[in-house]
Amino acid sequence: MNNFQYSRATDVADALSQIAADASAKFIAGGTNLVDLMKYDVERPGRLIDISHLPLAKVEETTGGGLRIGALVPNSDLAWHPLVMERYPLLSSAILAGASAQLRNMASTGGNLLQRTRCFYFYDVATPCNKREPGSGCSAKDGINRINAILGTSDACIATHPSDMCVALAALDAKVHIAGPDGERAIAMADFHRLPGDTPQRDTNLDPKEIITAIELPAQRFNKHYTYLKIRDRLSYAFALVSVAAALEIDSGTIHDARLALGGVAHKPWRNPEAEAALIGQPATHDTFARAADIVLHEAKGFGHNTFKIDLARRVIVRGLTQAANGTPQSQSNKTIA
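Cut-offs and rules
- Residues numbered from 1 in each chain as written.
- Predicted model: local features only at pLDDT ≥ 70, side-chain atom pairs only at ≥ 80, totals over all residues.
- Heavy atoms only, no water.
- Buried < 20%, exposed > 50% of the residue type's maximum accessible area, 1.4 Å probe, protein only.
- Helix = DSSP H or I, 4+ residues; strand = E, 2+ residues; numbered from the N terminus.
- Pairing = 2+ DSSP bridges.
- Polar contact = N/O pair within 3.5 Å; in protein donor to acceptor, adjacent residues only side chain to side chain.
- UniProt positions renumbered as here; feature names shortened; annotations may be inferred.
- Domains from an automatic or database assignment.
- Salt bridge = Lys/Arg side-chain N within 4 Å of Asp/Glu carboxyl O.

For the protein chain, the name recorded in an unreviewed UniProt entry is Molybdopterin dehydrogenase, FAD-binding protein, with Nitrobacter hamburgensis as its organism.

Structure follows, in structure tokens:
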């Protein structure tokens, strides 16, 4: 780990002022990902700006019937918040499927959005990685890529985004509120994370001099037919090989609205509007769900070790939608046999 300076921000304006003055600085709150990256020499900030004392740790109702979640709300507090459990149980289930209780106590909501990939080669500074060093190459494409992406990949990168919470936020049409030197803005969760393209070093559309202040959830109806299904190599403290956040509105056996997001398969939480549209107006049956899975995966591509994830994702989509339709919403985490 490199030497670094430390300072504490007193408010959002002070945080923005400090990071604007030092190109080598990074914000730190819970530090559950950044500190690991520093230990591996993947990140080498010259200064850490502590934002953990900023007034961004509230969960508040909005005038439109939604929720505004401060960026510093701990994951554990958010998962067990009464309004989240009542109105957005899909989000609660996703959070509780991730990490360990100790990490959830430290991890912040905003920090969860900024998690970096767990690709083996990204963490190994002795190997080429375009995310660490643009233009150096992607070792994963011809290497050990079992955990890597099957959707939205590019010649430059096949890394995946690791968050469980973000998959649910994508399905729930969340917005990310941001403050920066040019003022405040909001960006849809679907547009917050980026596909790798030819700039895989950029995970999000957040500017380095900006800060996440809150995540906003719209008023929702998906509190009955939903599920978060996570398939991983072991039953606890493991990242998803494939995960699905599924939410349906069903009346008399017919789907009237649908949300479907995947994790563990792309550089960002993966939604396919065409697949969601194909569910609407259809009976909540295995055949309907299988057709939606085919739409989601029609451009999926494996790279050898991870090719099994295409068939696994198809089965997980069908199973997740079936669980949601049957009203079996509890978080499901299983050991894969692939």
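Moving on, there is more to tell.
So, about the pairing of strand β6 (residues 175–180). When you tally the buried positions in β6, you get five out of six residues, the bulk of the element. Relative to strand β8 (residues 211–217), β6 runs antiparallel, the two being bridged by five bridges. Within β8, the residue paired with Lys175 across the bridge is Glu216. Examined bridge by bridge, β6 and strand β7 (residues 183–188) share six bridges and lie antiparallel to one another. Across the sheet, Val176 pairs through a bridge with Ile187, a residue of β7. The hairpin formed by β6 and β7 contains two residues between the paired strands.

A separate point is unusual backbone geometry. Located in the positive-phi region is Tyr237, a residue other than glycine, with phi close to 50°. Mapped onto the secondary structure, Tyr237 falls in the loop between β9 (225–232) and β10 (242–251). Classification of Tyr237 by relative accessible area gives partly exposed; the value is 49%.

In this structure, Ser163 sits in the loop between α8 (120–123) and α9 (165–171). On the basis of relative accessibility, which here comes to 3%, the residue Ser163 falls in the buried class. Of note is the side chain of Ser163, whose polar atom sits 2.5 Å from the side chain of Asn112.

Turning next to the UniProt feature "domain: FAD-binding PCMH-type" (unreviewed entry) in the protein chain. The positions that UniProt labels "domain: FAD-binding PCMH-type" (unreviewed entry) are, in the present scheme, residues 1–222. Regarding residues 1–222, the helix share stands at 27% and the strand share at 17%, and the terminal C-alpha atoms are separated by 45 Å.

Turning to the domain arrangement of the protein chain, a few remarks are in order. According to the domain assignment, the protein chain consists of domain 1 (5–52) and domain 2 (226–326). Measuring from the centre of the C-alpha atoms in domain 1 to the corresponding centre in domain 2 gives 36 Å.

All told, the structure shown has 21 salt bridges when counted by the stated rule. Between Arg47 and Asp22 there is a salt bridge, and its shortest N-O distance comes to 3.4 Å. Of this pair, Arg47 sits in strand β3 (residues 47–50) while Asp22 sits in the loop between α1 (12–20) and β2 (25–28); the two residues are 25 residues apart in sequence, bridging distant segments of the chain. In this structure Asp22 comes out as buried when scored by relative accessible area, which is 18%. Arg271 serves as the salt-bridge partner of Asp173, at 2.6 Å between the closest nitrogen and oxygen. Highlighted residues: Asp173 in the loop between α9 and β6 and Arg271 in strand β12 (residues 270–271), separated in sequence by 98 residues. Beyond isolated ion pairs, a larger network of salt bridges with shared partners links Asp173, Arg221, Glu249, Asp257, Arg259, Arg271 and Glu276.

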